[in-house]
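Breakdown of the fold
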Amino acid sequence: QVQLVESGGGLVQPGGSLRLSCTASGAIYSINDMGWYRQAPGKERELVAAVTSGGSTNYAASVKGRFAISRDYTKNTVYLQMNSLKPEDTAVYYCNADIRDYFYTRYDYWGQGTQVTVSS
């Protein structure tokens, strides 16, 4: 079984910064893409940022230039550095990973979610 454990959420003032982390553990053969999604009340879950196994990154337009995704391949960990936070960034943030087991079967896993609240 694979688990993704997130940490780093919290309350921050507008303009502040937070760094989220997510570590995958378990029966992992390889990890392809890893990413961060978020979901605010009344809204659908949306992709915030993603990073491939080769290091290519992709960002939602709303966070481009403010957020940075990075990855430690040896630790199966993905980070999301969030700068210049806005109230609109308030949401539950979920880590996501595209993982293959030892039979090379692909599974899509999600972290438990971590609350990010941006407020004065």
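Predicted, not measured: the structure shown is a model, and the values here were computed from it. (Residues numbered from 1 in each chain as written. Predicted model: local features only at pLDDT ≥ 70, side-chain atom pairs only at ≥ 80, totals over all residues. Heavy atoms only, no water.)

1. A closer look at the pairing of strand S11 (residues 114-118)
Of the two faces of S11, the one lined by Thr-114, Val-116 and Val-118 is fully buried and the one lined by Gln-115 and Thr-117 carries no buried residue. Where strand S2 (residues 10-12) lies against S11, 3 bridges are found, and the strand directions are parallel. If you follow Leu-11 over to S11, its bridge partner there is Thr-117. Direction of pairing for strand S9 (residues 91-100) relative to S11: antiparallel, over a ladder of 3 bridges. Across the sheet, residue Tyr-93 finds its bridge partner in S11, namely Thr-114. (Buried < 20%, exposed > 50% of the residue type's maximum accessible area, 1.4 Å probe, protein only. Helix = DSSP H or I, 4+ residues; strand = E, 2+ residues; numbered from the N terminus. Pairing = 2+ DSSP bridges.)

2. Topic: the state of the cysteines
A full pass over the atoms with the stated rule returns 1 disulfide. With a sulfur-sulfur separation of 2.1 Å, Cys-22 is cross-linked through a disulfide to Cys-95. Its torsion about the S-S bond being -85 degrees, the disulfide of Cys-22 and Cys-95 is classed as left-handed. In this pair, Cys-22 sits in strand S3 (residues 18-25) while Cys-95 sits in strand S9, placing the two residues 73 residues apart along the sequence. A relative accessible area of 0% places Cys-95 in the buried class. (Disulfide = S-S within 2.5 Å.)

3. Remarks on the environment of Asp-101
Along the chain, Asp-101 falls in the loop between S9 and strand S10 (106-110). Classification of Asp-101 by relative accessible area gives buried; the value is 14%. Residues Asp-101 and Gly-26, spaced 75 residues apart in sequence, show a C-alpha to C-alpha distance of 9.4 Å. In this view, Asp-101 contacts Ala-27, Tyr-29 and Tyr-107; residues no more than four positions away in its chain are not counted. Of note is the side chain of Asp-101, whose polar atom sits 3.0 Å from the backbone nitrogen of Phe-103. Among the polar contacts made by the side chain of Asp-101, one reaches the main-chain amide nitrogen of Thr-105 at a distance of 2.9 Å. (Contact = heavy atoms within 4.5 Å. Polar contact = N/O pair within 3.5 Å; in protein donor to acceptor, adjacent residues only side chain to side chain.)

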